[in-house]
Amino acid sequence: MTGFRQEFVSEARRWLGTPYVHQASCRGAGCDCLGLIRGVWRAVLGGEPALVPAYTADWSEAARAEVLWDAAREHLVERPITAARPGDVLLFRMQGGAVAKHLGILTRADPSPTFIHAYSGHGVIENSLSDPWARRIVACFAFPERIN
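No experiment lies behind these values; they were computed from the predicted model shown. (Residues numbered from 1 in each chain as written. Predicted model: local features only at pLDDT ≥ 70, side-chain atom pairs only at ≥ 80, totals over all residues. Heavy atoms only, no water.)

Caption draft 1: Region of interest: the pattern of salt bridges. Using the criterion set out here, one finds nine salt bridges in the structure. In this structure, Glu 126 and Arg 13 form a salt bridge, with 2.9 Å as the shortest nitrogen-oxygen distance. In this pair, Glu 126 sits in strand β7 (residues 123–128) while Arg 13 sits in helix α1 (residues 3–14), placing the two residues 113 residues apart along the sequence. Glu 126 gets classed as partly exposed once you look at its relative accessible area, which sits at 30%. For Arg 13, a relative accessible area of 34% translates into the label partly exposed. (Salt bridge = Lys/Arg side-chain N within 4 Å of Asp/Glu carboxyl O. Helix = DSSP H or I, 4+ residues; strand = E, 2+ residues; numbered from the N terminus. Buried < 20%, exposed > 50% of the residue type's maximum accessible area, 1.4 Å probe, protein only.)

Structural data, given as structure tokens:
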């Protein structure tokens, strides 16, 4: 893993144990899955690329809009899921037919992949990327190279 990618993994691990708090993005105090990605971005790349509007836990579901996927495409670099490497952002669809609205950071690839995510009721944890989780992945993104 390159030093640049390792920075994202190392920073994500610094967030382990942060409580789950909807819409938050503060290491140690609270975050949700998007807040984790935002916090890692700030720590490694600097200021966030866009303001995040307030959102509800069921955001975009009624409209069936892939808001998170569209935002990821705008600010991150889309990669094939099969080419995912540690440090990449994974986008999950938690239920079949639902919008994709969960994020995590791949921390280890084969043979035993793991990822870090903020999960309601658990906080920021590192999980095995087991088959049930892997089946939910719908997209993969790399953080952009350093921004001036």
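Caption draft 2: Highlighting the pairing of strand β4 (residues 89–92). Of the two faces of β4, the one holding Val 89 and Leu 91 and the one holding Leu 90 and Phe 92 are both buried throughout. As paired strands, β4 and strand β5 (residues 102–108) are joined by four bridges and run antiparallel to one another. In the sheet register, Phe 92 faces β5, and the bridge partner there is His 102. In this structure, β4 lies alongside strand β8 (residues 137–142), joined through four bridges in antiparallel fashion. Across the sheet, Leu 90 pairs through a bridge with Cys 140, a residue of β8. (Pairing = 2+ DSSP bridges.)

Caption draft 3: View of the environment of Gly 87. Tracing the sequence through the fold places Gly 87 in the loop between β3 (77–79) and β4. According to the relative accessible area criterion, Gly 87 is buried, its value standing at 2%. In the structure, Gly 87 is positioned 54 residues away from Phe 141 in sequence and 9.2 Å away in space, judged by C-alpha atoms. With near-sequence residues (within four places) excluded, Gly 87 lies in contact with Arg 5, Phe 8, Val 9, Ile 105, Leu 106 and Phe 143. (Contact = heavy atoms within 4.5 Å.)

Caption draft 4: Expanded view of helix α2 (residues 33–45). Taking 1.5 Å as the rise per residue, α2 with 13 residues should run 18 Å; its terminal C-alpha atoms sit 18 Å apart, in good agreement. Judged by how many residues are buried, α2 sits mostly within the fold: 11 of 13 residues are covered. Among the residues of α2, those classed as buried are Cys 33, Leu 34, Gly 35, Leu 36, Ile 37, Arg 38, Gly 39, Val 40, Trp 41, Val 44 and Leu 45. One side-chain oxygen of the residue at the start of α2 lies 3.3 Å from the amide nitrogen of Leu 34, identifying that residue as Asp 32. (Expected span 1.5 Å × (residues − 1). Polar contact = N/O pair within 3.5 Å; in protein donor to acceptor, adjacent residues only side chain to side chain.)

Caption draft 5: Examining the pairing of β7 more closely. Where strand β6 (residues 114–119) and β7 come together, six bridges link them in antiparallel fashion. Across the sheet, the residue bridging to Thr 114 is Ser 128, located in β7. The hairpin turn running from β6 into β7, its antiparallel successor, is three residues long, and Gly 121 in that turn takes a positive phi close to 85 degrees.

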